[in-house]
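Given next are the chains, with one letter for each unit.
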Amino acid sequence: VKVLLVDDSERLRRSLSTGLRHCGFAVEAVGDGEQGLASARLGTYDVVILDLMLPGMDGLTVLRRLRESGSRVHVLVLSAKDRVEERVEGLQLGADDYLTKPFEFDELVARLRALVRRKYGTKSPVHEVGPLRVDTSRRSVLRGEDAVDLTPSEYAVLDYLLARRGSVVPKAELLEHLYADASQGSANAVEVLVHQLRRKLEVDGTPTPIRTRRGHGYVID
Amino acid sequence: MPSVRRRLTFLLATGFVALTAVAGLWVDRAVAAHATGELDAALATKARAFAALTENERGRIELDYTPTTMPEYEREDRPEYFQFWLDDGTVLLRSRRLAPAHDLPRASAQAASPAFLDARLPDRRAGRVAVLAFTPHAAAPGEGTPDAPDGETIGEAPAVRGVVVAVARDREALDAMLASIRTTLLGVGIAVVLVGVLLLWWALAAGFRPIDEIAAEVGRLDAGRPGQRVEARGAPREVAPVVAQLNSLLARLDEAMGRERRFTGNVAHELRTPIAELRSIAAVGTRWPGDEAAVEQFFRDVDVVAGRMEGLVADLLLLARCQGGAEPAERRPVALREAVETAWAGESTRAQGRDVPFTLDVPEGLRIEADPGKLEIVLRNLLSNAAVHGTPGSEVRCVARRRGGRVRLEISNEAEPLSAADLSRLTDPFWRKDAARASDAHAGLGLAIAAALTSLLRIDLAFEQAPGGTFTVRLEGDAPAADSAPGGAPDPADRATLPLSRS
């Protein structure tokens, strides 16, 4: 799941990026409004975390311009502005969620995941795939009673395929959502990750839940 | 607490009572004088009648008196009295009811002008006496003879002598009438006073009702809701200035509370960002302590955040102390050029990276009355403002001159255009042209502190922007009294250009 973080505080960008990456998000962080608007328009982000008081262009203008350009990306406003009218204005301008600073890191992550679920039309954080039970809120994968140990990247692949469950996800799309910068990865790397994931998820005899559509991509039914 | 209504009622009621009493007394006196005058006139008529009836018949004094024509002197019940004397005091005659033991008072009376006096009558009644001195007229020829006199011979007068007659009657009827009038006057007076005081109380209550209504309206104002005003519909003209002043006070309070709210909100807002940073750092660092490179960086970040918060708190405390008058400040001559150089040395590193040359045009030896430490803070904040917010590449000019007993210092730089509203808000705490926290180093308190400190140091601070964009801060303070020489044109050697950026 790919997240764009737009905040003028370098220290907040640094700690949040680190934490969100550990939570399996691909994070790109920028420090001013104009750059944030450009990235949000061009990139394929699942969620944009947007501060309001930004140098260059304030967050509300970024949000308005983003919506005017037709972008449907989910935006979570993260701001020190906490008055009701400020929150209402943010939501009315097209924000999908509003969180005031200071905030709980876990709450931010939970809200980001809720936005991702909303984006892909799923309500429950728990996915049942054959004998597998994936809880995206706990980032846990269980096969029966046994936990399946996945690396963050492997989990990110599974998470995204589950979010897009029933749809064929091309390798390029998977690549975009796995890495903040798509140039960091490659189609081969995606194949390797999917291969490792399948190996860990396979149970004796049962078919892998991740199926390949040759020339199209991967899908979990 | 003194009550205007009570005091007015007391004063007006006292005045009213006094006036009523004076009027009552006057009426009483007038009526008494008039009634007594009537009685006296009747007595005088009777005295003159006696005088007319008295004749001197060749040494014999005769009174042509017929008891039937004057029955009032004869009756037993409540009789009137008269008495005649010769001018030497010899009693000539007394009315039948006047016992010899009881003389009427014999006051000295002028001829033809009776004297009147109050006296106790022989039967103990209060009475009024008219005393008339007269000379009996001689009997006309042919009128009676000594042998057959016309009237009663009341005495012998060897020569023509003066006679005194006193006529007395009771004045009880008069006194009773006067007492009745007095009682009526008193009753009417008390009633008038009571009604008057009640009317006064009511009128004052009606007059003060608008004030009560305003008080009730003020009492209904919600202290937490700004923008409220006292309407005082129907308030009289006399109260209008009070309402206007009250509303003006409310407007000023609104403004002060708004400023206070903005200030508190800004402080909270300024603290939210560093707290959010610290919480995020703490949450991520605690959750993934194994990420050593990140954790090490987090500690450095915490240090930076703490430093920023410390700076904010120090600035807020300084501002609060200055505004509260708790910050001590001395005033002594301070060398301006050295002060500017020291302040700039502190700020130049912060502004590095922006290509801003600095021109210093302050004559050597020019001094200003100030507190050296505080003046340095002021100059540092102003120079920092110029360096950070000036257009990159444009110079910061610092020029000072002495004008009479004053020293003026101007710091100019090219800057983004500011509106008149921007200029008026420059010294508001936390105000920034760009609302974003573009720079960690500036919370927007520098100019507020400069304004508070200059006010403390009795130095004038003003801002202006020329149409071309040149922004100028002007400081003007007292020159030390000892520095008599005017500033004059600076020596060229005084001009120094210090490159701000190493690039």
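Residues numbered from 1 in each chain as written. Chains lettered and ligands numbered in written order. Predicted model: local features only at pLDDT ≥ 70, side-chain atom pairs only at ≥ 80, totals over all residues. Heavy atoms only, no water.

Enquirer: Pulling in residues and values, what's your account of a nonpolar patch on the surface?
Expert: Residues and elements named next belong to chain B. A cluster of nonpolar residues, Val-4, Leu-8 and Leu-12, forms a patch on the protein surface that exposes about 230 Å² of accessible area. Within the secondary structure, Leu-8 is located in helix α1 (residues 4-53). Owing to a relative accessible area of 32%, Leu-8 belongs among the partly exposed residues under this scheme. (Patch = residues over 30% accessible without salt bridge, like charges linked within 9 Å, V, L, I, M, F, W, Y side chains within 5 Å. Areas by Shrake-Rupley, 256 points an atom, 1.4 Å probe, with all protein chains shown as cover. Salt bridge = Lys/Arg side-chain N within 4 Å of Asp/Glu carboxyl O. Helix = DSSP H or I, 4+ residues; strand = E, 2+ residues; numbered from the N terminus. Buried < 20%, exposed > 50% of the residue type's maximum accessible area, 1.4 Å probe, protein only.)

Enquirer: Which residues make up the interface of chain B and chain A, and what are the values?
Expert: With 27 residues of chain B at the interface, the matching set in chain A holds 24 residues. Summed over both partners, the interface of chain B with chain A buries about 2,200 Å², with 61% contributed by carbon and sulfur atoms. The largest contributions to the chain B side of the interface with chain A come from Arg-272, Arg-279 and Trp-288 of chain B, which together make up 24% of the buried area. Along the contact surface separating chain B from chain A lie five salt bridges. Put simply, Arg-279 of chain B and Glu-104 of chain A hold a salt bridge, and the shortest N to O gap is 2.4 Å. In this assembly, chain B and chain A are joined by 10 residue pairs in polar contact (both at pLDDT 80 or more). Elements that contribute at least two residues to the side of chain B that touches chain A include exactly α3 (240-287) and α4 (292-323) of chain B. Of the residues forming the side of chain B that touches chain A, the biggest block, 12 residues, is contributed by α3 of chain B. (Contact = heavy atoms within 4.5 Å. Buried area = accessible area lost by both parts, 1.4 Å probe. Polar contact = N/O pair within 3.5 Å; in protein donor to acceptor, adjacent residues only side chain to side chain.)

Enquirer: Before we move on, can you summarise the environment of Ser-9 of chain A with the specific residues and values?
Expert: All names here are of chain A. Along the chain, Ser-9 falls in the loop between β1 (2-6) and α1 (10-22). Of the residues examined, Ser-9 reaches a relative accessible area of 2% and is grouped as buried. Measuring from C-alpha to C-alpha, the distance between Ser-9 and Leu-54 comes to 9.2 Å, with 45 residues separating the pair along the chain.

Enquirer: Tell me about the pattern of salt bridges, and name the residues and values.
Expert: Taken as a whole, this structure holds 58 salt bridges over all chains when the rule is applied. Where Asp-135 of chain A meets Arg-138 of chain A, a salt bridge forms, and the shortest distance between an N and an O atom there is 3.3 Å. Assessed through its relative accessible area of 11%, Asp-135 of chain A is described here as buried. The residue Asp-40 of chain B makes a salt bridge to Arg-128 of chain B at a minimum N-O spacing of 2.6 Å. Placement of the pair is Asp-40 of chain B in helix α1 and Arg-128 of chain B in strand β6 (residues 126-134), with a sequence separation of 88 residues.

Enquirer: Quick rundown of the pairing of strand β8 (residues 140-143) of chain A? Include the residues and the values.
Expert: All names here are of chain A. As defined by bridge partners, strand β7 (residues 132-135) adjoins β8 across four bridges and the pair is classed as antiparallel. Paired with Arg-133 across the strands is Leu-142, a residue of β8. Between β7 and β8, which pair antiparallel in sequence order, lie four residues; one of them, Arg-139, sits at a positive phi of approximately 55°. When β8 meets strand β9 (residues 146-147), the two strands line up antiparallel, connected through two bridges. Bridge pairing in β9 places Arg-143 opposite Asp-146. The hairpin formed by β8 and β9 contains two residues between the paired strands, and Gly-144 there has a positive phi angle of roughly 65°. (Pairing = 2+ DSSP bridges.)

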